[in-house]
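# Structure assessment
Listed here are the chains, written in short residue letters.
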Amino acid sequence: MNDAQPNPESLDAQSILNAALDLAQQQGNWYDLSLVDIAVHCDTSISEIYKHFADTNAIADFWFSQALETMLSADRYEIISLSFAARLDHIIWRWFEALAPYHAVTSQMLKAKLHPPHMHHWIPMIFDLSRLVQLWLDMAELNAGGRRRQIQEIALTGIFLVTLSAWCRDQSPQQAQAHSKLLRMLEKAERFGQF
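Predicted model only: the values in this text are computed from it and were never measured.

As a further point, take the packing of helix H4 (residues 56-72) against helix H7 (residues 103-114). Taken N-terminus to C-terminus, the directions of H4 and H7 make an angle of 125°; their axes are 11 Å apart at the nearest point. Viewed along their axes, H4 and H7 adopt a mutual orientation that is oblique. For the element pair H4 and H7, the recorded crossing hand is left-handed. Contact with H4, carried on its side by Asn-57, Ala-60, Asp-61, Trp-63 and Phe-64, involves Thr-106, Met-109, Leu-110 and Lys-113 of H7 and no other residues of that element.

Below is the structure:
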């Protein structure tokens, strides 16, 4: 955790994200974090924060986009010789590993997005999940088309949602229990010919 506050003159999206993550982790609470809290923490005005983020949900989206970038940087040549299940495990778990330094805060972000009054967040999350699943299949070079592709998408979506739920609750080191669950489900899906 970094207690150093960013220089108001050099505030950018990344420094605001870092401040928000640190502040939420210190307080143990993402739900009640506001742009005002972040502005005070950064010794700047709310208008400076608003130039980069309209609300804390936008900050959360930026955090998840960084996990996506980490996932996309997976080396194809590192995984191409692996089974499909192992490829998918390697790719998907990179996304979780990128979020792990702020595991509790990330779990709170997801729960805030799913809060019933926040229905306006649900539709974008569905599209984001669909894109994630497509990327995983493409990166693992699962190139099926038609009905087989649809079966793979449904299977992988279910596996991910179960893993995500387990990951949010997992207090084991590096969320090892959730990782084991992911790998077991992927291997089972491969054995049953879904991949």
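Continuing now.
With that settled, the discussion passes to the packing of aromatic side chains. For the structure shown, the criterion picks out nine aromatic pairs. Judged by centre distance (5.0 Å) and plane angle (35°), the ring pair of Trp-93 and Phe-96 falls under tilted. One end of the pair, Trp-93, and the other, Phe-96, are both in helix H6 (residues 84-99), three residues apart, so they sit about a helical turn from each other. A single burial state applies to Trp-93 and to Phe-96, both of which are buried. Judged by centre distance (5.4 Å) and plane angle (45°), the rings of Phe-96 and Trp-167 are tilted. Taken together, the residues Phe-96 in helix H6 and Trp-167 in helix H9 (residues 146-169) connect sequence positions 71 residues apart. The exposure classification of Phe-96 matches that of Trp-167, with both residues buried.

Here the focus is the packing of H4 against H6. When two helices pack together, you describe them by how their axes are tilted relative to each other and by the distance separating the axes. Between H4 and H6, whose axes approach to 8 Å, the crossing angle comes to 140°. Judged by the angle between their axes, H4 and H6 are oblique. Between H4 and H6 lies a crossing of right-handed hand. Packed against H4, whose contacting residues are Trp-63, Phe-64, Ala-67, Leu-68, Thr-70 and Met-71, the element H6 presents Ile-91, Arg-94, Trp-95, Ala-98 and Leu-99 at the interface. Tallied by class, the residues present in the contact of H4 with H6 amount to nine nonpolar, one polar and one charged.

Pairs can form between side chains of opposite charge once their charged atoms are near each other. For the structure shown, the criterion picks out six salt bridges. Salt-bridge contacts for Lys-51 lead to Glu-48; the nearest nitrogen and oxygen are separated by 2.7 Å. With relative accessibility at 60%, the residue Lys-51 sits in the exposed group. For Glu-48, a relative accessible area of 25% gives the class partly exposed. In this structure, Asp-61 engages Lys-113 in a salt bridge whose closest nitrogen and oxygen atoms are separated by 2.5 Å. Remark: Lys-113 occurs in helix H7 and Asp-61 occurs in helix H4; sequence separation between them is 52 residues.

What follows covers the environment of Leu-33. By secondary structure assignment, the location of Leu-33 is in the loop between helix H1 (13-27) and helix H2 (35-41). What makes Leu-33 buried here is its relative accessible area of 5%. Residues Leu-33 and Ala-20, 13 residues apart in the sequence, show an inter-C-alpha distance of 8.0 Å. Non-local contacts of Leu-33, meaning those with residues more than four positions away in its chain, are made with Ala-20, Leu-23, Ala-24, Gln-27, Ile-38 and Thr-56.

What counts, and where the lines are drawn
- As a convention, each chain's residues are numbered from 1 in the sequence order in which they are written.
- Reporting in this predicted model follows two pLDDT cut-offs: at least 70 for local features of residues, and 80 or more for side-chain atom pairs to be given and counted; totals over whole chains, interfaces and linings ignore these cut-offs and use all residues.
- Hydrogens are left out, water is left out, and the side-chain values use all remaining heavy atoms of the structure.
- In this analysis, axes come from line fits to C-alpha atoms, helices being fitted only over the stretch in contact, and the angle between any two N-to-C directions falls in the range 0 to 180 degrees.
- Under the scheme used here, helices are H or I runs from DSSP no shorter than 4 residues and strands are E runs no shorter than 2 residues, and both carry numbers assigned from the N terminus.
- By the definition adopted for this analysis, an angle is roughly parallel if under 35 degrees, roughly antiparallel if over 145, roughly perpendicular if from 65 to 115, and oblique otherwise.
- Each helix crossing is assigned a hand: it is left-handed if the near helix lies turned anticlockwise from the far helix by less than a right angle, otherwise right-handed if that turn is clockwise.
- Note on definitions: a residue-residue contact is assigned when non-hydrogen atoms from the two residues lie within 4.5 Å.
- Here a pair means two rings of Phe, Tyr or Trp (six-membered ring of Trp) with centres within 6.5 Å. Their orientation is stacked below 30 degrees between planes, edge-to-face above 60, and tilted elsewhere.
- Whether a residue is buried, partly exposed or exposed follows from its accessible area with a 1.4 Å probe, protein chains only, as a fraction of its type maximum: under 20%, in between, or over 50%, in that order.
- Nonpolar residues are Ala, Val, Leu, Ile, Met, Phe, Trp, Tyr, Cys and Pro. Charged residues are Asp, Glu, Lys and Arg, and all others, Gly as well, are polar.
- What makes a salt bridge here is a side-chain nitrogen of Lys or Arg within 4 Å of a carboxyl oxygen of Asp or Glu, nothing more.

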